[in-house]
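Residue-level structure breakdown
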Amino acid sequence: MSGPILRWRVRRELLVVKAVVALAFAVLAVLNLDDPRGAILAGAAALVAAVLALRDLLAPVRLSADGEGLVVVRGFAGSRRVPWSQVERIRVDSRTRFTSRTEYLEIDAGEEIFLLSRFDLGVPCGEVADELRAFRTGF
């Protein structure tokens, strides 16, 4: 791999927020031990937030690009290398539902489609799509 490497990662602030939320729910679970339902719900919420924070800690870079292709996070913390020759299309999928707009970067690699959100990339999906297209073509 020679030449520049582009990387997009989860913002550190989101990792900190998830960790604080996990800690807050854990404290809430301990404080509500006399209420089993409340303790179970708070404990479950703490576990979910902790797992999401752990994923951000183990695999903070969700997408990278170099001269050979892309590396995309897949699963909990695994990754998959996709050569540029397998990338059929890079686009932004935008949907509006109940006045809320959602955007995903869609990377079509033939047999697989990778979807990454702004939260995965740390920047707007349109910017990443433009950078990837320019990087791929050299312009």
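Everything below is about the structure shown above.
Residues numbered from 1 in each chain as written. Predicted model: local features only at pLDDT ≥ 70, side-chain atom pairs only at ≥ 80, totals over all residues. Heavy atoms only, no water.

Notes on the overall build of the protein
Formally: Numbering of helices and strands starts at the N terminus; helices are DSSP runs of H or I of at least 4 residues and strands are runs of E of at least 2. When accessible area is computed with a 1.4 Å probe and restricted to protein chains, residues below 20% of their type maximum are described as buried, those above 50% as exposed, and intermediate ones as partly exposed. By definition, residues are in contact when any of their heavy atoms lie within 4.5 Å. Only the protein chains shown count as cover for residues, with accessible areas throughout obtained via the Shrake-Rupley method and a probe of 1.4 Å.
In terms of helices and strands, the protein carries four helices and seven strands. Reading the helices (α) and strands (β) of the protein from amino to carboxyl end gives β-α-α-β-β-β-β-β-β-α-α. Its C-alpha atoms give the protein principal-axis dimensions of roughly 60 × 35 × 25 Å. Within the protein, the fraction of its 139 residues that count as buried is 29%. In the protein, of all internal contacts separated by at least 6 residues, the share reaching a separation of at least 24 is 46%. For the protein, the exposed area adds up to about 8,900 Å²; of that, 61% sits on carbon and sulfur atoms.

Here's the deal with a nonpolar patch on the surface
Put simply, the test is: Two joining distances apply to patches: 9 Å for like charges and 5 Å for nonpolar side chains (Val, Leu, Ile, Met, Phe, Trp, Tyr), and every residue must have over 30% relative accessible area and no salt bridge. Within this document, salt bridges are pairs made up of a side-chain nitrogen of Lys or Arg and a carboxyl oxygen of Asp or Glu, the two lying within 4 Å of each other.
Taken together, the side chains of L47, V51, L54, L57, L58 and F76 make up a nonpolar region of the molecular surface, amounting to roughly 560 Å² of accessible area. For F76, the location among the structural elements is in the loop between strand 3 (69-74) and strand 4 (78-83).

Some points on helix 4 (residues 125-137)
What counts is decided by this rule: What a helix is expected to span follows from its residue count: subtract one and scale by 1.5 Å. In this description, the arc belongs to the directions extending from the helix axis to the C-beta atoms.
Its 13 residues place the ends of helix 4 18 Å apart at the C-alpha level, agreeing with the 18 Å of an ideal helix rising 1.5 Å per residue. Buried within helix 4 we find C125, V128, A129 and L132. Within helix 4, the buried residues cover an arc of 100° as seen down the axis, which keeps them to one side.

Let's talk about helix 2 (residues 36-58)
Helix length check: helix 2, at 23 residues, gives a terminal C-alpha distance of 32 Å against a target of 33 Å (1.5 Å per residue), a fit within 8%. Regarding helix 2, the residues found buried are A39, A42, A46, A49, A53 and D56. Buried residues in helix 2 make contact with helix 1 (12-31) and strand 2 (61-65).

Some points on the sheet that holds strand 7 (residues 112-117)
Put simply, the rule is: Here a strand pair is declared whenever DSSP counts at least two bridges between the two strands. Each axis is a line fitted through C-alpha atoms, taken for helices only over the stretch in contact, and angles between the N-to-C directions span 0 to 180 degrees.
One open sheet holds the three strands; their spatial order is 5-6-7, and the pairing between them is antiparallel. Each of the sheet's edge strands pairs with one partner strand only, and the pair in question is strand 5 (89-97) and strand 7. Taking each pair of neighbouring strands and ignoring which way they run, the sheet shows an average axis angle of 30°. Strand direction decides the pairing type here: strand 6 (residues 100-109) and strand 7, joined by six bridges, are antiparallel. If you follow I107 over to strand 7, its bridge partner there is F114.

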